[in-house]
Amino acid sequence: MKLGFYPGCSLEGASREYNESVQAVAEKLGIELVSIPDWNCCGATAAHNLDKELSLSLPARNLALAEEAGLTELVVPCAACYSRFTVTQHELLHDNAMHKKVNEIIGKEYKGTLRILNVIQFIEEYIIDKLEDNMKFEINKKVACYYGCLLVRPNKILNFDRTEDPQTMDVVMKKLGADSIDWAFKTECCGAGFSVSFTEAVGRLSGKIIEDASHRGAEALVVACPMCHSNLDMRRPAMDKYNGKKIDTPVIYITQAIGLALGIDRKKLGLNRHFVPVKLDNFKPYVKKEVVVENTQIMEEI
Amino acid sequence: MARIGVFICHCGENISATVDCPKVSEVAAKFPGVAYSVDYKYMCSDPGQSLVVNAIKEHKLTGIVVSACSPRMHEPTFRRACAEAGLNPYLCEMANIREHCSWVHEKGDRTDQKAIDVVRMMVEKVKRNNALMSIKVPVTKTALVIGGGVAGIQAALDIANAGHKVVMVEREPSIGGHMSQLSETFPTLDCSQCILTPRMVEVAQNPNITLYTYAEVESVEGFVGNFNVKIRKKAKSIDETLCNGCGMCTTKCPQKKIPNEFELGMGNRPAIYVPFPQAVPNVPVIDRLNCTYYKNGKCKICEKFCQPKAIRFDQEDEIIEVAVGAISICTGFDVKKTDFFPEYGYGKHKDIIDGLQFERMASASGPTLGAIRRPSDGAEPKKIVFVACAGSRDPAKGIEYCSKICCMYTAKHAILYKHKVHDGTAYIFYMDIRAAGKNYDEFTRRAIEEDNAQYIRGRVSSIYERDGKLIVIGTDTLMNHETVEIEADMVVLATAGVANQGAEELAQKLHVSYDQHRFFSEAHPKLKPVETNTAGIYLAGACQSPKDIPESVAAASGVAGKISCLFSSSELTREPLIAFVDRIAAPDYSSCTGCFLCQPVCPYNAIEKEDIKDRAGNLIKSLAYINPGLCQGCGTCVAICKSKSIDIDGYTNQQMYSEVDALLNS
Amino acid sequence: MSEFQPKIVAFVCNWCTYAGADLTGTSRIKYSPNVRIVRFPCTGRIDYMLLTKAFASGADGIIVSGCHPNDCHYTSGNFYARRRWIVFKKLCDFMGIDTRRIVFSWVSAAEGSKWADIVNTTNEEIIKLGPYDSYHKLSTQDILE
């Protein structure tokens, strides 16, 4: 199994643990992830506000490179990169003139043959069926799945999950044996864009998210976006200030949760890199059985 | 030999200022077949018409061309003049030299030439005109009213009171529609059932009205004046002639926990039930999907207790055929359910209800006997939030149109709430207050000023539940776009009014058009608001677009007026400009080859199959036959016909080709 | 009249374009007198043989115009006209008929000025293209002779 892989800047920098967990899980399940040779910045988050051509050309170059490398499917774990890639694909395939222009700019021919997968789609298609045979533990914890803004929007382009009340991560977590709770802030803004420039806003926005999750008894938040993670993990002092209380609910990547269930070493999953310590342990050993997943019906509706 | 008369009108100076009328007349006189040509100042005036009449008689004209204004203006005038002179009115043509010539071109030779060409063209056409007789079709003076809501009731009563027979078909076990579910009505706050019930009883008692409830239209064939309708009367499992409406069966039925549709799931009903106490007819039906007997083959308790022995477990659906002359569609609307709104929890919070559910709650005969209570725990809500435009005016997620009734009923809900919960507060999130109507704006002012409804201009982004409260997050656009967060006990969504279930299938059965929202389309948005594109089929009420009660009633009375007009004579007269398939002598019978390519292109389903048989009854040939009652004369079939067997009177191939020929071969 | 004045035949439907041309008149918007209007009940009625007939009889240009899609008085006649035109255009191309000389448009009863525009632009276009002699020379008369 060989799939294209685009790490992007986050996974090489602040969110190294995301990359580590994706790689660890893939390796464990025998999936080979091939990085796009000579990849460049995807243009998030600033390019599309400033220059449309630039914002389309940056991802288009990566996509064209992937096509040149003979890849047919591309896993893009970062939600921001994923958003830029899919939007670019959509725009170029619906605007001939722009497509031509971008091809000229990047000096390559982007054909649009590539399938772009976010991390959830990657899990759904290549991992979820292998879990039963490889799971060592059940994540017998109450978790709140937090999707953030980019993973499910804009709905018309992505055509992935329900925008207001997404379910795909919950399905995965239930499969891992977790009790994923129904809560109110699944897709609320975490304030990522202001993480550096206006930390107070992040304190308020992310604070509400973390407070609601912990209020409803979640033992961990599960995310699939490096921005969500760094905000919710790193800006905890600002949130605590806003909430007027200290909340130590950890935030983990969904790939880390899978890794834990597969029995991968915590360090290999990068769990030691978090600001809020991930204390989750005492998992129940997994015994293979018929797992009835309640939400499959909802999945089918989507 | 044709003897054509040409009459050139000056139209005062409207034409003669640009076109040299005497010259045109002079040239026209020399066209082959023209026996008489004259120009006159005002051809449409009395003396002008007399000129035409006299010329027809004097010169024994076989056709006339009036060269004047647009035929859309005065064609009927000159056709009447022809008829007066004893000439078939369809032997008159008009050459438009005003709108299409004198008014749009500069004076000059080219303009004169155009006028001459146009006259020549019409002379060539009129030579080939056929004398036509207007078509007479008999009319069955019975109307079919589909739907027994307030619009259907009004239409049926008005038609019946005009002395005509009415057949009413209602899908539910009782007539009454959505209006029977309402508590009070705006802007007067009179009780909905109190004003509706007497009219429902009138329908049942009117000797001119035959009422079929728990019935649906199965198929419709025919055309204006002559429709054949099949009605499926679903099995009620009750002999209606025996049932005395005592209601014993409904109290004894062991199934008690079936969600009550009339109460929108907020109450329960047994498997044998009358939808509501004032139902007309007051005859119960057995819900076979939920009845223990139909599920398990055992029970029949209702039968045991039925004194008149009216229960019929083996009853089957019945198909009733009726002949009607006109059809009124009054099938009403539906509202979007709360589960349509993902941002408001996909309908998973019990205390988020829709407007119709609030109506039932506020109704004295409703599940809470008129008390406002949270469905989740029965507590009295002290803070209630109404969200107007839930789904309406929202092209991104909902529907783009305005549902029209929500502003008013939301104001009414706030007033009713305040009347029942004195210490409570009602918040209303709105986009605009659309209160155009008699006493409507005063009513919303009353909600704001007397009943202290807190109107917040802005939309609600999300509603979620936390510790038993509903947190409503919205914005106040009049207060600097501040985020508003209300901890509410209950939320009422004024959900969008949408087309009723099954509207599409019904439209297809009736061959009437519907819009992208599945509302039935009127023939003309302004001048034919209650007619459909199919002659003899009319629309009333909210099946056309969201409408309030007065509008629905007005439209229904409009339909009744239209149908009464139609029924005022026993025959219908129609313009004879319709298509026909040629007929020739045996053994060919027609040049039609029976390919029936014409059938799918006809928008009116007017093309039928006609079998030519010999005396022994053996089929010789199948031909297309155009039903003159249905054909509206568009001529699409003429152009599609490969063997040129179809032609259309008024625009025959001969006429059109000679027009083109005359235009260019001058 | 030294300058070439083309003969343009307009095939229009009764309900939209004919009424639209009436409106051009009542609005007194001037346009070229080179156009002759032939009225049909509906564009669906227009047999495209009539177009070739018009060219054969000496027309230099043709306008076909009816109600906008979805506005047809007869619900769907204009859709058939449109489909027929798409097919007919290909056939014209194949046969060597100059499709630039056939203008297909929608003019509603409210578009008086649009009608004038269409006539004027078509007129200018046809003047540029010149008389359609190549077709006229094909007239059956010559062949018979």
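Every value quoted in this text rests on a predicted model; they were computed, and no experiment measured them. Along each chain, the written sequence defines residue order, and numbers are assigned to residues from 1. Chain letters and ligand numbers both follow the written order, the letters beginning at A and the numbers at 1. Residue-level local features of this predicted model are given only where pLDDT is at least 70; pairs of side-chain atoms are given and counted only at 80 or more, and the full residue set underlies all totals for whole chains, interfaces and linings.

1. Re the domain arrangement of chain B
Residue and element names in this part refer to chain B.
Phase 1: Those domain boundaries reflect an automatic or database domain assignment. Split into domains, chain B comes out as domain 1 (4-127), domain 2 (134-234 + 317-332 + 516-573), domain 3 (236-315), domain 4 (335-498) and domain 5 (579-649).
Phase 2: The gap between the C-alpha centroids of domain 3 and domain 4 is 35 Å.
Phase 3: Contacts between the two partners involve six residues from domain 3, matched on the other side by eight residues from domain 4.
Phase 4: Here the term charged refers only to Asp, Glu, Lys and Arg, the term nonpolar to Ala, Val, Leu, Ile, Met, Phe, Trp, Tyr, Cys and Pro, and the term polar to all other amino acids, Gly among them. Partitioning the side of domain 3 that touches domain 4 into residue classes produces four nonpolar, one polar and one charged. Note on contacts: each residue gets a C-beta atom placed from the backbone, and two residues are in contact if those atoms are within 7 Å.

2. Digging into the packing of helix H5 (residues 109-127) of chain B against helix H18 (residues 653-664) of chain B
Residue and element names in this part refer to chain B.
Phase 1: One can describe the packing of H5 onto H18 by two numbers: an axis separation of 8 Å at closest approach and a directional angle of 150 degrees. Of the possible angle classes, the one that applies to H5 and H18 is roughly antiparallel. As H5 runs across H18, the sense of the crossing is right-handed. Here Asp117, Arg120, Met121, Glu124 and Lys125 of H5 come into contact with H18, specifically with Gln655, Ser658, Glu659, Ala662 and Leu663.
Phase 2: Residue composition of the contact of H5 with H18, by class: three nonpolar, two polar and five charged. Comment: axis = line fitted to C-alpha atoms, over the contacting stretch for helices; angle = value between 0 and 180 degrees taken between N-to-C directions. The numbering of helices and of strands both runs from the N terminus, where a helix is a DSSP run of H or I of at least 4 residues and a strand a run of E of at least 2. To sort the angles, those under 35 degrees are grouped as roughly parallel, those over 145 as roughly antiparallel, those from 65 to 115 as roughly perpendicular, and the leftovers as oblique. Here a crossing is taken to be left-handed if its near helix is turned anticlockwise relative to the far helix by less than a right angle, and right-handed if that turn runs clockwise.

3. A word on the interface of chain B and chain C
Phase 1: The interface of chain B with chain C comprises 36 residues on the first partner and 35 residues on the second.
Phase 2: Put simply, the parts of the chain that give the side of chain B that touches chain C at least two residues each are helix H4 (98-102), H5, helix H17 (636-640) and H18 of chain B.
Phase 3: The class makeup of the residues in the side of chain B that touches chain C is 16 nonpolar, eleven polar and nine charged.

4. Looking at the sheet that holds strand S25 (residues 469-476) of chain B
One key point about sheets: their strands pair by backbone hydrogen bonds, in either a parallel or an antiparallel sense.
All names here are of chain B.
Phase 1: On the basis of which strands lie adjacent, the open sheet formed by three strands has the order S24-S25-S26 and antiparallel pairing. Only two strands of the sheet have a single neighbouring strand rather than two, namely strand S24 (460-466) and strand S26 (482-488). Across the sheet, the mean angle separating the axes of adjacent strands is 20 degrees when strand polarity is ignored.
Phase 2: Sheet topology note: the S25/S26 ladder contains seven bridges and is antiparallel. Across the sheet, the residue bridging to Ile471 is Glu487, located in S26. By the convention used here, strands pair only if DSSP detects at least 2 bridges between them.

5. Here we look at the confidence of the model for chain C
Phase 1: Every residue gets a pLDDT, meaning the predictor's confidence in that residue, from 0 to 100. When the pLDDT values of chain C are averaged, the result is 89; 94% of them are 70 or greater.
Phase 2: The complex model carries a pTM of 0.75, and its ipTM stands at 0.93.

6. Quick word on helix H13 (residues 440-449) of chain B
All names here are of chain B.
Phase 1: Buried within H13 are the following residues: Phe443, Thr444 and Ala447. Buried residues along H13 cover an arc of 95 degrees about the axis, so they all sit on one side. Away from its buried face, by an angle of more than 90 degrees, H13 presents the exposed residues Glu442 and Glu449.
Phase 2: The inward-facing, buried residues of H13 abut helix H12 (406-420). Buried residues are those with 20 or more other C-beta atoms within 10 Å of their own C-beta, exposed residues have 12 or fewer, and partly exposed residues lie in between; C-beta atoms are placed from the backbone. Working definition: the arc comes from the directions between the helix axis and the C-beta atoms, pointing outward to the latter.

7. Examining the pairing of strand S3 (residues 63-68) of chain B
All names here are of chain B.
Phase 1: Taken across its six residues, S3 has six buried, putting it largely inside the fold.
Phase 2: As paired elements, strand S1 (residues 4-9) and S3 share five bridges and run parallel to each other. For Ile8, the partnering residue across the bridge sits in S3 and is Ser67.
Phase 3: Pairing of S3 with strand S4 (residues 92-96) involves five bridges; the strand directions are parallel. Looking at S4, one finds that Val65 is bridged to Glu93.

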